[in-house]
Amino acid sequence: MRENRMEQPDIRSMYPEELKERMVQLGEKPFRGAQLFSWLHQKLADSYDQMSDLPAGLRQKLEEQYPLRLPEAVDAQISKLDGTRKYLFRLYDGNVIESVWMRYHHGNSVCVSSQAGCRMGCRFCASTLDGLSRSLQASEMLGQVYQIQKLTGERVSNIVVMGSGEPLDNYENLIRFLKLVSAPEGLNISQRSLTVSTCGLVPEMYRLAEEGLQITLALSLHASSDEKRKKLMPIANRYSLEQVLGACRNYFDKTGRRITFEYALAAGENDGEEDAGELGDLLAGFPCHVNLIPINPVKERKFRRSGKKMVVNFQNKLEKRGINVTIRREMGGDIDGACGQLRKRFMDNQEKNL
Ligand code: SAH
């Protein structure tokens, strides 16, 4: 997959060993690397001035060679219903991305974007309407979490990579992000509390299974036959359900982690009795969890949300086959609009103002 091009490496994307090497290159003692890592990933510093135990000369050199840049919050919406917060962040090059903070009883969760825009083209999704602008660096994914933790003043304990973008289309940066955010010397978020959602890039799913990570893999399934899936997700033209489910099975075999299947219910498209039956046949006995998501209508798209009764019937039918199913609790219903819409509105307005 494509690597990000950038003029300078972002120092916040570096592993502890790499920082150590940089310090030695700069003529410093290796332990400076560990100090710097702690400032960047534990104390979440936004400037070198704060790094009081580093020599002034080193801070100066770092400032010149590796300017620090964290995403800047340019808009925030807070739900009156449940406190969910949606942030719009501006990156150093002017790209904007969305992140969401949600409070659950088991802790605070952040939904992180992995790309500005997306090129996967799912028919119901707002993030893909304007295509891919660029992939995010590891530090820009971390930056969303770090800024939100500072803005809310509360610890983040769960991360779902389910914002804009296809995480496995930004593979190297994603892995770096996952390792850094779970590093004991950093925020130390348990890998079991990290979820990566993919539309189903099969080769990268196999690759991910070999990384030795304990994260949860979520697959956006959304249909129970290739024919229907192709209507919703262009990626289904590249990989069949059999191939995608094979990659899921392999992920479970290699990691012991159950797969989460996401299934967005769109009225009259994939929410019928036969769909539930077919899905049951497909998944019965699979070590998995199914998450039903009543679709969020996007104004540029024709899909409508399934009625409550359809959703519950769908759930019952799967449960009868012994499948573990939940209906995604709606968070921030009053600030919502589908994912990606805050960004889209911001960008459309910017265009108008030019
Ligand atoms: N590219 C990744 C992750 C981003 S989207 C993926 O495809 O999984 C996170 C989840 O939200 C995916 O399951 C995606 O299909 C779903 N989604 C996108 N737009 C939606 C909408 N309008 N309503 C409901 N779910 C949506």
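So, a few notes on the structure that sits alongside this text. Model, not experiment: these values are computed from the prediction.

A few words on the pattern of salt bridges. Applying the stated criterion to the full structure yields 19 salt bridges. One salt bridge in this structure joins K179 and E211, with 4.0 Å as the shortest N-O distance. Taken together, the positions of K179 in helix 5 (residues 171-181) and E211 in the loop between helix 6 (202-209) and strand 9 (216-220) put the pair 32 residues apart, joining distant regions of the chain. Residue K179 is classed as partly exposed on the basis of its relative accessible area of 33%. One salt bridge connects E262 with R328, and the closest N-O pair in it is separated by 3.6 Å. Highlighted residues: E262 in strand 10 (residues 259-265) and R328 in the loop between strand 12 (325-327) and helix 11 (341-353), separated in sequence by 66 residues. What makes E262 buried here is its relative accessible area of 5%. Here the salt bridges do not stand alone but share partners, grouping D93, R134 and E140 into one network.

Turning next to the site of the ligand. Around the ligand sit 18 residues in total, of which G165, S197, S220, H222 and N296 are the nearest. The separation between a nitrogen atom of the ligand and a polar main-chain atom of F124 is 3.0 Å. A distance of 2.6 Å separates an oxygen atom of the ligand from a polar atom in the side chain of H222. Contact with the protein chains removes 95% of the 530 Å² of surface that the ligand exposes when unbound. Grouping the amino acids of the shell around the ligand by side-chain chemistry returns nine nonpolar, seven polar and two charged.

Parameters at a glance
- Residues numbered from 1 in each chain as written.
- Predicted model: local features only at pLDDT ≥ 70, side-chain atom pairs only at ≥ 80, totals over all residues.
- Heavy atoms only, no water.
- Salt bridge = Lys/Arg side-chain N within 4 Å of Asp/Glu carboxyl O.
- Helix = DSSP H or I, 4+ residues; strand = E, 2+ residues; numbered from the N terminus.
- Buried < 20%, exposed > 50% of the residue type's maximum accessible area, 1.4 Å probe, protein only.
- Near = heavy atom within 4 Å.
- Polar contact = N/O pair within 3.5 Å; in protein donor to acceptor, adjacent residues only side chain to side chain.
- Areas by Shrake-Rupley, 256 points an atom, 1.4 Å probe, with all protein chains shown as cover.
- Nonpolar A, V, L, I, M, F, W, Y, C, P; charged D, E, K, R; others polar.

Nothing here speaks to function; it is geometry throughout.
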